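Commentary on secondary and tertiary structure
These are the residues of each chain, in order.
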Amino acid sequence: MKKEELLNPEFLKQFKDSDELSSFLKTLYSKGLESILEGELESHLGYSKHKKEVKTNNSRNGHGVKTLKSEYGESTIKVPRDRDGSFDPKIVPKRCSKTSGIENLVISLYAKGMSNSDIEEQLREIYDFEMSPSTISTITARVNQDVIAWQNRPLDSVYCIVWMDGIVFKVRDNSKVINKTIYLAVGLNLEGKKEVLGLWLGKNESSSFWMTVLSDLQARGVEDILITCTDNLNGFTDTIRSVFPQSTTQICVVHQIRNAARYVVWKDRKEFMGDMKKIYTSPTKEAAKQELELFDKKWSNKYGYAVQSWYRNWDDLTVFFDFPLEIRKIIYTTNLIENLNGKIRKYTKNKLSFPNDDAVKKSVYLAIMEITKKWTQPIRNWGIILNQFIAIFEDRVPI
């Protein structure tokens, strides 16, 4: 039944009251789900019903019955099955008894970087389900409310480590497409779990804007950050100390490696990177300094600027040597926020530019929600690491 027919006053007159209309919508909803499930199975098998066009050992195997709870109440639907049991529906997952309908599928596809028209085509081709781009836009627009609630949620009072970095997107602003930065902060909490603390949008990455970010974290309940890990943006360390004066600041070694390697030609890069690795993997700060001097003698004539960048940032680059090996590795090798940024890029790569600020924030938020679904377990050896934090920072770690 087409949307125009559903909205026709003559059609609506047949329902005596809201209960009859609700019953009809419930039936329509169930039939719609069943249609989508059939489309999913068809896509899974690779051929349409009654028309086996590809060689496969798998085939349809009747239907099962599933009871679902949704916004329309409790419904019983028929779920198609395959012979080898490999079919796992996305719209109504196995062992799931609740669904919020097609909205979750639309939002998930949007989070993976698909445009509204792409989602419309996907729903039509795979699920045989018609939905206009405007309806899809309405569904994804609801995410803005979730972004606001998430961005303003209370945070823990203490974080062991907070990584901070920016990622640049092209956004339309006053009829021009310009670069804007999404600022991200990721915390390691006292349970040893990673948590994205928030996202903020600004025109350029600067220490002054990071002051806004840090002040927002403070307003939402953060009282202390034991260690911060950032890039070497000018003035960043002083900005952090002005808001969290006790925080130990570490310049991200991975940022330093990447920035230094920018000046190296391709044929030298492998050897150059290997020599740099000897610096930051040294057992002590003294040994690292010796490796830096050897690095200097070997490469300063050819890549003086890259070598000097290590000297300029030496104190903030080598803070991690003050910590036990387990904490040290988290600070300089885990490079968590860079990994997060890469995955966000993967989800948003289909969008060359965003029409407005809300669009880019919405897309990044949805990407974060998809990426962090797996952030459920504490990092490895957390019991040992937490005891090290307690021993080093004493009364700053609440027990």
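Each remark here, short or long, concerns the structure printed above.
This structure is a prediction, so every number in the text was calculated from the model and none was measured.

Applying the stated rule across the entire model yields one cavity of 30 Å³ or more. The volume enclosed by the largest cavity comes to roughly 40 Å³. As for the largest cavity, its lining consists of Val253, Ile279, Tyr280, Ala288, Trp310, Trp314, Leu317, Thr318, Phe320 and Phe321. Going through the elements one at a time, helix 11 (266–280) and helix 14 (314–317) are the ones with two or more residues in the lining of the largest cavity. Tallied by class, residues from the lining of the largest cavity come to nine nonpolar, one polar and no charged.

Another point: the environment of leucine 217. Here leucine 217 is to be found in helix 8 (residues 207–219). Here the alpha-carbon distance between leucine 217 and glycine 198, two residues 19 residues apart in the chain, equals 8.4 Å. Excluding residues that lie within four positions of it along the chain, leucine 217 makes contacts with Leu155, Ala185, Leu197, Trp200 and Val222.

Now for the packing of aromatic side chains. Enumeration according to the criterion identifies 14 aromatic pairs in this entry. With a centroid separation of 6.3 Å and 45° between ring planes, the pair formed by tryptophan 382 and phenylalanine 389 is classed as tilted. What links up through ring pairs into an aromatic cluster is the set Tyr183, Phe209, Trp210 and Phe236. Above the plane of the ring of tyrosine 305 lies arginine 312, whose end atom (NZ or CZ) is 4.9 Å from the centre. We note arginine 345 situated over the ring of phenylalanine 169; from NZ or CZ to the ring centre the distance is 4.8 Å.

Let us now look at the pairing of strand 7 (residues 248–251). As paired strands, strand 6 (residues 224–230) and strand 7 are joined by four bridges and run parallel to one another. Looking at the pairing, cysteine 229 lines up with glutamine 250 of strand 7. In terms of handedness, the path from strand 6 via helix 9 (residues 236–243) over to strand 7 forms a crossover that is right-handed.

Here the focus is helix 13 (residues 304–312). Residues spaced three or four apart along an α-helix point in a common direction, a consequence of the helix completing one turn every 3.6 residues. Those residues of helix 13 not exposed but buried are Ala306, Val307, Ser309 and Trp310. When helix 13 is viewed along its axis, its buried side chains cluster within an angular range of 150° and face the same direction. Tucked inside the fold, the buried residues of helix 13 contact helix 10 (253–261), helix 11, helix 12 (285–299) and helix 14.

The strands making up a sheet associate through backbone hydrogen bonding, with each pair oriented either parallel or antiparallel. Pairing is mixed in the open sheet, where five strands are placed in the order 5-4-3-6-7. Where the open sheet ends on each side, the last strands, each with one partner, are strand 5 (194–202) and strand 7. Going from strand to strand, the sheet's axes swing by 25° on average, the running direction of each strand aside. Direction of pairing for strand 3 (residues 158–173) relative to strand 6: parallel, over a ladder of five bridges. Bridge assignment links tryptophan 163 to a residue of strand 6, and that residue is cysteine 229. Sheet contacts for helix 8: strand 3, strand 4 (176–188) and strand 5; angle to strand 5, the most-contacted strand, approximately 135°. Along the sheet, helix 17 (residues 357–371) makes contact with strand 3, strand 4 and strand 5, crossing strand 5 at roughly 170°.

Time to look at the pattern of salt bridges. Here the structure, examined in full by the defined rule, presents 11 salt bridges. Here lysine 180 makes a salt bridge to aspartate 357, at a shortest N to O gap of 2.8 Å. Linking lysine 180 in strand 4 with aspartate 357 in helix 17, this pair joins segments that are 177 residues apart in sequence. Under the relative-accessibility criterion, lysine 180 is labelled buried at 4%. Exposure remark for aspartate 357: the relative accessible area of 29% places this residue in the partly exposed category. Between aspartate 268 and lysine 267 there is a salt bridge, and its shortest N-O distance comes to 3.5 Å. Residue classification places aspartate 268 among the buried residues on the basis of a relative accessible area of 8%. The class of lysine 267 is exposed, set by a relative accessible area of 67%. Where salt bridges share partners, they join Glu271, Asp275, Lys278 and Lys298 into one cluster.

Turning next to the side chain of arginine 328. On the secondary structure map, arginine 328 appears in helix 15 (residues 325–332). For the buried residue arginine 328, which engages in no salt bridge, the nearest side chain bearing the opposite charge is aspartate 322, 7.8 Å off. In terms of polar contacts, arginine 328 uses its side chain to reach the backbone carbonyl oxygen of phenylalanine 323, at 3.3 Å. Setting aside its immediate chain neighbours within four residues, arginine 328 contacts Ser282, Pro283, Phe320, Phe321 and Phe323.

Of the strand pairs in this sheet, strand 3 and strand 4 are connected by 13 bridges, and their pairing is antiparallel. When the bridges of strand 4 are listed, valine 171 appears paired with isoleucine 178. Between strand 3 and strand 4, which pair antiparallel one after the other, the connecting turn spans two residues, and asparagine 174 there sits at a positive phi close to 55°. Sheet topology places strand 4 next to strand 5; eight bridges connect them, and they run antiparallel. Considered in strand 5, the bridge of leucine 184 is made with leucine 199.

The rules behind these values
Residues numbered from 1 in each chain as written. Predicted model: local features only at pLDDT ≥ 70, side-chain atom pairs only at ≥ 80, totals over all residues. Heavy atoms only, no water. 1 Å grid on protein atoms, 1.4 Å probe; cavity = no way out; pocket = protein on both sides within 12 Å on 5 of 7 lines; lining within 4 Å. Points joined across faces, edges and corners; volume = space filled by probe spheres on them. Helix = DSSP H or I, 4+ residues; strand = E, 2+ residues; numbered from the N terminus. Nonpolar A, V, L, I, M, F, W, Y, C, P; charged D, E, K, R; others polar. Contact = heavy atoms within 4.5 Å. Phe/Tyr/Trp six-rings, centres within 6.5 Å; stacked < 30°, edge-to-face > 60°. Lys NZ or Arg CZ within 6 Å of the ring centre and 35° of its normal. Pairing = 2+ DSSP bridges. Right-handed = clockwise from strand over helix to strand, strands pointing away. Buried < 20%, exposed > 50% of the residue type's maximum accessible area, 1.4 Å probe, protein only. Arc of directions from axis to C-beta. Axes fitted to C-alpha atoms, helices over the stretch in contact; angles between N-to-C directions. Salt bridge = Lys/Arg side-chain N within 4 Å of Asp/Glu carboxyl O. Lys, Arg positive; Asp, Glu negative; His and termini not counted. Polar contact = N/O pair within 3.5 Å; in protein donor to acceptor, adjacent residues only side chain to side chain.

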